[in-house]
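Structural features, examined
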Amino acid sequence: MTSYNREKLINYFKANLCMLPTGYTATETNRMTLAFFCLGALTLLGELENNITEQNRLDWIDWVYAQQLHPTENDDANDAVCGFRGSSWSGRSFDPHATTCSHVSYDSGHVANTYTALINLLLLGDDLSRVNRKAITNTLRHLQQQDGSIAPTVGSLERDVRFIYCACAISYILNDWSGIDRERALDYIIQLQSYEYAFAQCPKQEAHGGSTFCGTAALSIMGNLDEGILNKDQLVQWCLFRQIGGFQGRPNKLQDVCYGFWIGASLAMLDSFHLVNSDALKEFLLQSESHVGGFAKDPESFPDVLHSYMGVAILSLMNEPNVQPIHAALNMPLSAYKHLKENTIFWKQ
């Protein structure tokens, strides 16, 4: 097999966009991100408009905005819980005897779902006019810690490079960096580079493919790639050494489809993707394609929307015919990036 089954792949994303299988119930709080995988993949394949009606598009936009949390009446715009939820069930408490649902204090936005919500709106052709930019940037200000790291939600003890990346992408999309102390964020990202010169999730931890993407992309989005990378040649070497056929996330681990994008996109940002053995990468990707459509993490696993999206993103990095180019740092189709710059309220001002 030399090419993916395009028709089955499109049908796979279309089906999951309409109704996710029962197995995704546990991931309901991240439905926003699951939607991004389907909308993003269909856009990269150039098939979103052919597989979603105008009413569906408007309904999806309304659903995304329905997950946006604004400052409450009792707080000013510095409310620390603003942004987008992952779904309508995230952080809510329900009294079965009440006529209306009651929100509790842990009903808050999440930086990862805020990031994917904004991209979803761009994919759907929205102009971001209903996005509360001030509330979101003020929330980011509350979530950034003294060491420069960023928490995903108010009160969370998680601190790692994933959320710095999301915060940087959000700030770029909103064309407003007032919510982040960029100098402190830069200092923190520099500390994430291990003795191998790749990026770990937290300082003094093991370098990892996903963290390397987040660190490299955050630096790229901030415009600090040259300043923040301690040793570009060593970082490129670490990335290239992760290729078996597909890519592994760390030394002595198995290859996995998703790292073909995480590490491949990192190499693209470092102007080094041409050094990848694209034939071997594509062979592993096609071996991981399911007969029902979609990509699994490896040939022995079942397909899922995350790895299926990553598979399409890899095809984009490899300039596969009939697959749109991708903006590697923002992880969005280039068409959505152009829409951001040309048609959204925050970039037209």
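Use the structure listed above.
Keep in mind the model is a prediction, meaning the values are calculated, not measured.

Two packed helices can be described by the angle between their axes and the distance between those axes. Contact geometry of helix α1 (residues 6–18) with helix α2 (residues 31–44) gives a least axis separation of 9 Å together with a crossing angle of 145 degrees. The interaxial crossing formed by α1 with α2 has left-handed handedness. Counted together, Ile10, Phe13, Lys14, Asn16 and Leu17 of α1 and Ala35, Phe37, Cys38, Leu39, Ala41 and Leu42 of α2 form the full contact between these two elements. Here the contact of α1 with α2 is built from residues that sort into 9 nonpolar, 1 polar and 1 charged.

Under the 1.5 Å per step criterion, the end-to-end length of α2 is 20 Å for 14 residues, consistent within 8% with the ideal 20 Å. With respect to burial, α2 is a largely interior element, 13 of its 14 residues being buried. At the exit of α2 stands glycine 46, carrying a positive phi of roughly 70 degrees.

In this section: the nonpolar core. Residues Phe13, Phe84, Val131, Phe213, Ile221, Phe261 and Tyr309 are the most contacted members of the largest nonpolar core, which totals 114 residues. Looking at which element gives the most residues to this core, the answer is helix α6 (residues 161–174), with 12 residues.

Before going further, it helps to examine the pattern of salt bridges. A complete count under the given rule lists 9 salt bridges for this structure. Glutamate 158 is paired through a salt bridge with arginine 162; the nearest N and O atoms lie 3.2 Å apart. On the basis of relative accessible area, glutamate 158 is assigned to the partly exposed category, the value being 39%. Arginine 162 sits in the partly exposed class, given a relative accessible area of 34%. In this structure, a network of salt bridges that share partners links the residues Glu158, Asp160 and Arg162.

Thresholds applied
- Residue positions are given per chain, counted from 1 along the sequence in the order it is written.
- With pLDDT at 70 or above as the cut-off, local features in this predicted model cover only qualifying residues; side-chain atom pairs require 80 or more to be listed or tallied, and sums for whole chains, interfaces and linings still use all residues.
- Hydrogens and water are ignored here; the side-chain numbers use all heavy atoms of the structure.
- Helix axes are fitted to C-alpha atoms over the stretch in contact, other axes to C-alpha atoms as well, and angles between N-to-C directions run from 0 to 180 degrees.
- The numbering of helices and of strands both runs from the N terminus, where a helix is a DSSP run of H or I of at least 4 residues and a strand a run of E of at least 2.
- By the definition used in this description, the sense in which the near helix is turned from the far one sets the handedness, with an anticlockwise turn below a right angle giving left-handed and a clockwise turn giving right-handed.
- Whether two residues are in contact is decided by their heavy atoms: any pair within 4.5 Å suffices.
- Three categories are distinguished: nonpolar for Ala, Val, Leu, Ile, Met, Phe, Trp, Tyr, Cys and Pro, charged for Asp, Glu, Lys and Arg, and polar for the others, with Gly belonging to the last.
- Given a helix with a known number of residues, its expected span is that number minus one, times 1.5 Å.
- Each residue is placed in one exposure class: buried if its accessible area under a 1.4 Å probe, protein chains only, is under 20% of its type's maximum, exposed if it is over 50%, and partly exposed if it falls in between.
- Among buried residues, the Ala, Val, Leu, Ile, Met, Phe, Trp, Tyr and Cys ones that are joined through side-chain atoms within 4.5 Å form a nonpolar core.
- Throughout this description, the term salt bridge denotes a Lys or Arg side-chain nitrogen within 4 Å of a carboxyl oxygen of Asp or Glu.

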